[in-house]
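Observations on the three-dimensional arrangement
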Amino acid sequence: MPTFSNPVLTGSHPDPSICRVGEDFYLVTSSFAYYPGIPVLHSRDLVGWQPLGHVVDRPSQVSLTGLDVSDGLWAATIRHHEGTFYVVVALARGRQGSTTYLFTASDPAGPWSDPVVLEAEGIDPSLFFDDDGRCWFTACRDAAEPEVTGPGELWMRELDLDRLALTGPTHALWYGAMRGAWVEAPHLYKRDGVYHLIGAEGGTERHHAVTAARADAVTGPYSTDPRSPLLTHRHRGAAEPIHNVGHVDLVDTPAGETWAVALGVRPLDGTHTLGREVFLVPVEWTADGPVFAPDTGRVRLSERLPAGTGAGAVAPVGPTRDDFGGTALGPEWSSLRGPVGHLVSTGPGEGGLTIRLSPEPLTGTGTPAFVARRQQHLRMRARARVRFTATAPTQEAGLVVLQHAHHATLALTADASGTPHVVLTAHEADSPTRLGAVAVTSDEVVLVVDSDESGYTFHVEDGTWTALGTIERPFFSTERAGGFVGVHLGLYGIGGADAGEAHVHWFEYAPAR
């Protein structure tokens, strides 16, 4: 039987949501404080995904300034109805939902509209279009009486599609199957006249689980599906290759199958660095409701292909080299909290990437001179050829490995006498530790980071190959660094006002065996 490899989206792609239009599937994921926000991807087979663009690609749409890396745009939902695509998303501040936005587009590749602010509280908003054309908005929030019902509540209001505003009464739908746990990630589906409300409980870490309730009317009352949890790996041992499974969204294929996209992580010795990734899971509908992974009851690294999909349809992510010859960065690149066109430019002049040094630190809440891409393999090598002439130790430019509150920099800089050096520094929150340094004979070097099961090893090529140090892998894990994102590999420049420019000739990313 032809198979594919899970996850179908590697690296940090949390909270997937999916819809289908004809033979085309569209998917969005959380982007947090990374910019552009809310990536939109397209597939014809559910397995191979190509980037189309982003919902938030103009600073006038949403301001991310002042937000922590793991705040920002959380858990968007994408839906399609009568020629219009809809995306709803919560903006989080201080790990709490602050504003709910609704975007629309006629083409999922964009442009997407400026947002409409909905009168909604909480996080994880979703939309459901019923057979009669009415649209229902669901989300999760703190319960009014947590000592009675449990801490979380899934709630609903109707969305007026003409005014793009919530209308009518608020309906409290469900408080979850595990009354001591927060319930979130609500999505609503209708099957054979029955409404199925799918949620997530147990947190997005080790105890994450998919639970459900059902009702005969869209506004309820909803009764807990007694089979809950319908999908979880919390009961599996440390040898299980996939953990933290949950936050699903369902889609029907043209061939009549149902599949779920779910988030999960691939830990090693109890920690993970790549973030929450997108896994594809078969679903079977029964009289009792959906059955996830009906043959095994678990998410697998190798799964049968969806019906109608040809074998070998998807090639794994392979080596890439970016010479930055275009007029804009490719879709794999992100900045923090806003566009960096005033700090980073491509193409003109000698080509490559020009980084104008900025005083904004990588640990700040502004927009630093920084661009990065997701790490997508545990074993990988990233290299960049960088030219920079520093005049003071406060000026630096080079390669960075960033994971929420922890990061490491491999930078061209200068010592107090002005001699060029490459310095390796580990940053834990705002506390830097210099791990290695070497004088170099040129202001142009190749900076290298290798990652494997044990850690991240940093090198510089300056006519010779010099290792500057290794940082243990758990330092860059979510369990140590906190937050909700995975490792990003980037290029940056830090210095005072008018501190000059760094030039990146190329950047390479390659998985390793």
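Overview of the structure. Remember, predicted model here, so these are calculated numbers, not experimental data.

What follows concerns the overall build of the protein. Helices and strands together make up the secondary structure of the protein, namely two helices and 39 strands. Taken over C-alpha atoms, the radius of gyration comes to 23 Å for the protein, in line with the 24 Å a tight globule of 513 residues would show. Its C-alpha atoms put the protein at 75 × 50 × 45 Å along the principal axes. In the protein, buried positions account for 57% of the 513 residues.

If you look at the biggest cluster of nonpolar residues, it comprises 45 residues, and the most contacted ones within it are Val422, Phe458, Leu491 and Phe507. Listed in part, the 33 residues of the second largest apolar core include Ile123, Tyr195, Leu336 and Phe370.

This brings us to the side chain of His488. Relative to the helices and strands, His488 is located in strand β38 (residues 488-494). By relative accessible area, which is 4% here, His488 ends up buried. Here Gly486 takes part through its backbone oxygen, which lies 3.0 Å from a polar atom of the side chain of His488. Apart from residues lying up to four places away in sequence, His488 is in contact with Ser12, Tyr34, Ala372, Arg373, Arg374, Gln375, Val400, Val401 and Leu402.

In this fold, Leu52 is placed in strand β6 (residues 50-56). Spatially, the C-alpha atoms of Leu52 and Arg276 are 21 Å apart, while their sequence positions differ by 224 residues. What Leu52 contacts, discounting residues up to four positions off in sequence, is Tyr26, Val40, Leu41, His42, Pro108 and Ala109.

A separate point is the sheet that holds strand β34 (residues 431-439). Strand order in the open sheet formed by six strands is β29-β38-β31-β32-β33-β34, with antiparallel pairing between adjacent strands. This sheet does not close on itself; its edge strands, each paired only once, are β29 (369-374) and β34. The mean inter-strand angle of the sheet, taken between neighbouring strand axes irrespective of direction, is 20°. Here strand β32 (residues 406-414) pairs with strand β33 (residues 420-428) via nine bridges, running antiparallel. Bridging from a neighbouring strand, His406 pairs with Glu428 of β33.

Quick look at the pairing of β38 now. With seven of seven residues buried, β38 lies mostly within the body of the structure. Residues His488, Gly490, Tyr492 and Ile494 line one face of β38 and the alternating positions Leu489, Leu491 and Gly493 line the opposite face, and both faces are buried. Pairing between β29 and β38: six bridges, direction antiparallel. Looking across to β38, one finds that Ala369 is bridged to Gly493. For strand β31 (residues 396-403) and β38, the ladder comprises seven bridges, and the chain directions are antiparallel. Across the sheet, residue Glu396 finds its bridge partner in β38, namely Ile494.

Now for the side chain of Glu257. Its place among the elements puts Glu257 in the loop between β20 (243-252) and β21 (258-265). Glu257 gets classed as buried once you look at its relative accessible area, which sits at 18%. Engagement of the side chain of Glu257 in a polar contact is seen with the backbone nitrogen of Ala307, the distance being 3.0 Å. In this structure Glu257 touches Val251, Asp252, Arg304, Pro306 and Ala307, once residues within four positions along its chain are discounted.

A few words now on the pattern of salt bridges. Taken as a whole and assessed by the stated rule, the structure comprises 32 salt bridges. With a closest N to O distance of 3.3 Å, Lys190 and Asp130 form a salt bridge. Of this pair, Lys190 sits in strand β15 (residues 183-191) while Asp130 sits in the loop between β11 (123-129) and β12 (135-142), and the two are 60 residues apart along the sequence. Its salt-bridge partner being Arg379, residue Glu453 comes within 2.6 Å of it at the nearest N-O pair. Placement of Glu453 in the loop between β35 (444-451) and β36 (455-461) and of Arg379 in the loop between β29 and β30 (380-387) is noted, with a sequence separation of 74 residues between them. According to the relative accessible area criterion, Arg379 is partly exposed, its value standing at 35%. One salt-bridge network, in which partners are shared between bridges, spans Arg321, Asp323, Arg383, Glu461 and Glu508.

On to the environment of Gly297. Among the secondary structure elements, Gly297 is positioned in the loop between β23 (289-292) and β24 (302-304). Separated by 146 residues in the primary sequence, Gly297 and Pro151 place their C-alpha atoms 28 Å from one another. Residue contacts for Gly297: discarding those within four places in its chain leaves Leu231 and Phe292.

Turning next to the state of the cysteines. The tally for this structure, following the rule as stated, stands at zero disulfides. Counting only cysteine sulfurs, Cys135 is the nearest neighbor of Cys140, a cysteine outside any disulfide, at a range of 17 Å. Note on Cys140: relative accessible area 0%, which makes it buried.

What counts as what
- Residues numbered from 1 in each chain as written.
- Predicted model: local features only at pLDDT ≥ 70, side-chain atom pairs only at ≥ 80, totals over all residues.
- Heavy atoms only, no water.
- Helix = DSSP H or I, 4+ residues; strand = E, 2+ residues; numbered from the N terminus.
- Rg over C-alpha atoms; globule rule 2.2 N^0.38 Å.
- Buried < 20%, exposed > 50% of the residue type's maximum accessible area, 1.4 Å probe, protein only.
- Core = buried A, V, L, I, M, F, W, Y, C linked by side-chain atoms within 4.5 Å.
- Polar contact = N/O pair within 3.5 Å; in protein donor to acceptor, adjacent residues only side chain to side chain.
- Contact = heavy atoms within 4.5 Å.
- Pairing = 2+ DSSP bridges.
- Axes fitted to C-alpha atoms, helices over the stretch in contact; angles between N-to-C directions.
- Salt bridge = Lys/Arg side-chain N within 4 Å of Asp/Glu carboxyl O.
- Disulfide = S-S within 2.5 Å.

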